[in-house]
Amino acid sequence: MKLHGTMRRTVGLLLAAFLLTQPAALFPVSAAKSDDADTADLLLTAAEDTETLYVEQETYSDYFDRYSGETRPDTEILVEGTDYTDLEETGDGTISVGSFGSEYGQEIKDNILIWDASDGTVTYNVTIPETGVYTFEFSYMPIPSNMANIEFSILVDGEVPYDTASRATLNKVYMNNGEITLDSKGNQVRPSQKQVGLWLDTPLMDVEGLFNDPLLFYFEKGKHEIIFEISKGFFALEYFKLT
């Protein structure tokens, strides 16, 4: 006699329930101990994985409270966009080094990191001359694309220092794609918007708008690794500064 799928599952559940209610003596002791050990190992592994998955990242508000009172060194560290130590493009597009600007009628600048790609990572080694808190400032040109902004995570020595640093954002530039027109009733109709290329110098701000000043990053004196994990790219980077 063949059992349908539902009936087989029911029989299986009943058999499992029966076995769970039986005395341990019905089964070999060594096998029972082995099963118990395997189960314990599985539960421990699951607990460790769960703990890893649910580690809460420090908020920028807490980070700010902890470090805003630290020294603000009167120094500027300039890192050329092309001075990377490692680079990986993981999405569509190309990454190159060269002159940029003429494509959009802007000043031509040489030795530019041209990130004409959707995503990837770029790594820099930076020497900090004095312990304290610094801010990032970027000199870049957004490359028109179907992405509304440039978005990336900032890792310092392999770690994102706080939650907001995992969604750092640089703006793109928009302008009217045509003239303002009038509809049949005489009302003004705004044209659609289009992205344009334009050289910008801008500090890295809080994307959530809770803080009016540039985001702070604490560095101790010495060498550090800074990684930008880019999730929405398309930009030309002249340099970034720590100030």
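It should be noted that the structure appears before, not after, this text.
All of these numbers come straight from a predicted model, not from anything done at the bench.

Participant: Give me the lowdown on the overall build of the protein, citing residues and values where you can.
Facilitator: Counting its regular elements, the protein contains three helices and 17 strands. Each of the 243 residues in the protein was classed as buried or not, and the buried ones make up 32%. Nonlocal contacts in the protein, meaning residues at least 24 apart in sequence, comprise 74% of its contacts between residues at least 6 apart. Total accessible area on the protein is roughly 15100 Å²; 52% of this is exposed by carbon and sulfur atoms.

Participant: Would you mind going over the packing of aromatic side chains in detail, with residue names and values included?
Facilitator: A complete count under the given rule lists 24 aromatic pairs for this structure. Plain terms: the ring middles of F136 and F240 are 5.8 Å apart, the flat faces sit at 40° to each other, and that makes the pair tilted. You can see F136 sitting in strand β7 (residues 136-142) and its partner F240 sitting in strand β17 (residues 235-242), a full 104 residues away along the chain. Accessibility classification places F136 together with F240 in one group, the buried group. With a centroid separation of 5.2 Å and an interplanar angle of 75°, the aromatic rings of F228 and F240 are classed as edge-to-face. Of this pair, F228 sits in strand β16 (residues 222-232) while F240 sits in strand β17, and the two are twelve residues apart along the sequence. With a relative accessible area of 0%, F240 lands in the buried category.

Participant: Can you tell me about the nonpolar core, naming the residues and giving the values?
Facilitator: Ranked by size, the top nonpolar core spans 37 residues in total, and within it F136, F138, F152, I154, L204 and F228 carry the most contacts. Ranked by size, the runner-up nonpolar core spans nine residues in total, among them F100, I114, M147 and A236.

Participant: Before we move on, can you summarise the sheet that holds strand β5 (residues 120-128) with the specific residues and values?
Facilitator: Taken in spatial order, the five strands make up an open sheet running β2-β5-β16-β8-β9, and their pairing is antiparallel. The open sheet is flanked by β2 (86-89) and β9 (168-171), the only strands paired with a single partner. Each strand axis lies, on average, 25° off the axis of its neighbour in the sheet, ignoring direction. Pairing geometry for β2 and β5, over four bridges, is antiparallel. In the strand pairing of β5, E88 is matched with T121.

Participant: Describe unusual backbone geometry, listing the residues and the values that go with them.
Facilitator: Although it is not a glycine, D157 adopts a positive phi angle of roughly 55°. Given the relative accessible area of 43%, D157 is considered partly exposed. A positive phi angle is found at F234, which is not glycine, with a value near 70°. Within the secondary structure, F234 is located in the loop between β16 and β17.

Participant: Lay out the pattern of salt bridges with the relevant residues and their values.
Facilitator: Oppositely charged side chains may form a pair once their charged atoms are brought near each other. On inspection of all chains with the given rule, the structure shows seven salt bridges. R167 is paired through a salt bridge with D163; the nearest N and O atoms lie 4.0 Å apart. A salt bridge links E208 to R167, with the nearest nitrogen and oxygen atoms 2.4 Å apart. Taken as a pair, E208 in the loop between β14 (200-203) and β15 (217-219) and R167 in the loop between β8 (149-156) and β9 lie far apart in primary sequence, 41 residues in all. For R167, a relative accessible area of 32% gives the class partly exposed. Overlapping salt bridges, with partners in common, bring together E76, E137 and K241 in one network.

Quick notes on the rules
- Residues numbered from 1 in each chain as written.
- Predicted model: local features only at pLDDT ≥ 70, side-chain atom pairs only at ≥ 80, totals over all residues.
- Heavy atoms only, no water.
- Helix = DSSP H or I, 4+ residues; strand = E, 2+ residues; numbered from the N terminus.
- Buried < 20%, exposed > 50% of the residue type's maximum accessible area, 1.4 Å probe, protein only.
- Contact = heavy atoms within 4.5 Å.
- Areas by Shrake-Rupley, 256 points an atom, 1.4 Å probe, with all protein chains shown as cover.
- Phe/Tyr/Trp six-rings, centres within 6.5 Å; stacked < 30°, edge-to-face > 60°.
- Core = buried A, V, L, I, M, F, W, Y, C linked by side-chain atoms within 4.5 Å.
- Pairing = 2+ DSSP bridges.
- Axes fitted to C-alpha atoms, helices over the stretch in contact; angles between N-to-C directions.
- Salt bridge = Lys/Arg side-chain N within 4 Å of Asp/Glu carboxyl O.

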